[in-house]
Amino acid sequence: MEVYEGKAKRVIPLDDGKVILEFKDDATAFDGKKKARFKGKGWLNAQISAVLFKVLEENGIKTHFIGIAGDNRLIVERLKMYPLEVVVRNVVAGSLKKRLPLEEGTELPEPIVELYYKDDGLGDPMINHYHAKVLGVSEEEVREMERIALKVNEVLRKYFTERGIILVDFKLEFGKNERGEIVLGDEISPDTCRFWDAETKESLDKDVFRFDKGDLISAYEKLYERLTGESPTHR
Ligand code: 5GP
């Protein structure tokens, strides 16, 4: 079976319906126009994803997570991935500023869910249910992903609030397992979420790299410590 190499991960299929997700130290932003490598990022993202998938599973959300399989590797259930990104937002940041006349940092009265078509060539355009249907994803499937995404938001928002962190927004990807169930896949990490320190509003996520706000690894380590109460052991 073929190994799939993404920008930040390698996907290695096993022959028993499971897959190894290997998190790389590479970082890209702005459709791959900005690139760098940060030693330790793969480890941090794998471990942080594992923590968050466990929290979701404990709260009754089905995810692909099976276990940790080495330093920067997770073992997960094989899914047939939908070509969609589901973004949930609680606070105005990033591309939402181009869509609504609201200032960065404004808390939204209720979460916003957005759909994007995962296609580098088209620059991941925002789409709606009608576009999704043309791409072969039914209205029911989209609604189920949106429902799960909002549940993920509820669980994670509470979890992060208790740790002095604002969950600003995040991106999820879903797939179908062999039993035909829609399952949360991919990763949940500071590469795919915006996290702000509740007191200082400092970014603890990939915006540090996108907008040159400081040292990425220190920010990710700070997040890891807040979540686990432990110092990271990747060095
Ligand atoms: P925005 O639309 O504001 O750029 O992104 C919203 C949220 O989704 C952010 O937390 C961002 O990290 C995440 N996100 C959206 N698209 C992508 C993507 O293609 N790759 C990654 N890693 N994160 C994304």
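Residues numbered from 1 in each chain as written. Predicted model: local features only at pLDDT ≥ 70, side-chain atom pairs only at ≥ 80, totals over all residues. Heavy atoms only, no water.

Attention now goes to helix α3 (residues 139-161). Note on helix geometry: an α-helix contains 3.6 residues per turn, so any two residues three or four positions apart are oriented the same way. Its 23 residues place the ends of α3 32 Å apart at the C-alpha level, agreeing with the 33 Å of an ideal helix rising 1.5 Å per residue. Of the residues making up α3, those classed as buried are Glu 141, Val 142, Met 145, Glu 146, Ile 148, Ala 149, Val 152, Asn 153, Val 155, Leu 156, Tyr 159 and Phe 160. (Helix = DSSP H or I, 4+ residues; strand = E, 2+ residues; numbered from the N terminus. Expected span 1.5 Å × (residues − 1). Buried < 20%, exposed > 50% of the residue type's maximum accessible area, 1.4 Å probe, protein only.)

Across all of its chains, the model carries six aromatic pairs by this definition. Arranged with centres 4.6 Å apart and planes meeting at 35 degrees, the rings of Phe 160 and Phe 195 form a pair that is tilted. Taken together, the residues span a long stretch of sequence, with Phe 160 in helix α3 and Phe 195 in strand β15 (residues 193-197) at a distance of 35 residues. The ring of Phe 23 has Lys 9 sitting right over it, with the charged end atom 5.8 Å from the ring centre. In this structure, Lys 34 is placed above the aromatic ring of Phe 209, and the distance from its NZ or CZ to the ring centre is 5.1 Å. (Phe/Tyr/Trp six-rings, centres within 6.5 Å; stacked < 30°, edge-to-face > 60°. Lys NZ or Arg CZ within 6 Å of the ring centre and 35° of its normal.)

Turning next to the site of the ligand. Among the 16 residues in the neighbourhood of the ligand, the closest are listed as Arg 89, Ser 95, Asp 169, Asp 191 and Arg 194. Residue Arg 194 places a side-chain N or O atom 3.0 Å away from an oxygen atom belonging to the ligand. For the ligand, whose unbound accessible area comes to 490 Å², protein coverage reaches 80%. If you list the elements that add at least two residues to the shell around the ligand, you get β9 (84-91), β12 (165-172) and β15. Grouping the amino acids of the shell around the ligand by side-chain chemistry returns four nonpolar, three polar and nine charged. (Near = heavy atom within 4 Å. Polar contact = N/O pair within 3.5 Å; in protein donor to acceptor, adjacent residues only side chain to side chain. Areas by Shrake-Rupley, 256 points an atom, 1.4 Å probe, with all protein chains shown as cover. Nonpolar A, V, L, I, M, F, W, Y, C, P; charged D, E, K, R; others polar.)

Here the focus is unusual backbone geometry. Unlike most non-glycine residues, Asp 31 shows phi in positive territory, near 55 degrees. Mapped onto the fold, Asp 31 is located in the loop between β4 (26-29) and β5 (34-37). Under the relative-accessibility criterion, Asp 31 is labelled partly exposed at 48%. Unlike most non-glycine residues, Asp 186 shows phi in positive territory, near 55 degrees. Residue classification places Asp 186 among the buried positions, given a relative accessible area of 11%.

Here we come to the sheet that holds strand β10 (residues 107-117). Reading across from one edge, β11-β10-β9-β12-β15 is the order of the five strands in this open sheet, with antiparallel pairing throughout. Since the sheet does not close on itself, it has two edges, and those belong to β11 (126-127) and β15, each with one partner. Here seven bridges tie β9 to β10, and the two strands are oriented antiparallel to one another. Looking across to β10, one finds that Val 86 is bridged to Leu 115. The sheet contacts of α3 involve β9, β10, β12 and β15, and relative to β12 the element is tilted by about 155 degrees. (Pairing = 2+ DSSP bridges. Contact = heavy atoms within 4.5 Å. Axes fitted to C-alpha atoms, helices over the stretch in contact; angles between N-to-C directions.)

Moving on to the UniProt feature "domain: SAICAR synthetase/ADE2 N-terminal" (unreviewed entry) in the protein. Taking the numbering used here, the UniProt-annotated feature "domain: SAICAR synthetase/ADE2 N-terminal" (unreviewed entry) corresponds to residues 3-226. The distance from the first to the last C-alpha atom of residues 3-226 is 34 Å, and the span holds 28% helix and 32% strand. (UniProt positions renumbered as here; feature names shortened; annotations may be inferred.)

With that settled, consider the pairing of β5. Working note: regular strand, side chains alternate between the two faces of the sheet. Relative to β5, β4 runs antiparallel, the two sharing four bridges. Among the inter-strand pairings, Ala 27 is bridged to a residue of β5, identified as Ala 36. Connecting β4 to the antiparallel partner β5 that follows it, the hairpin turn spans four residues, and Phe 30 within it adopts a positive phi of roughly 50 degrees.

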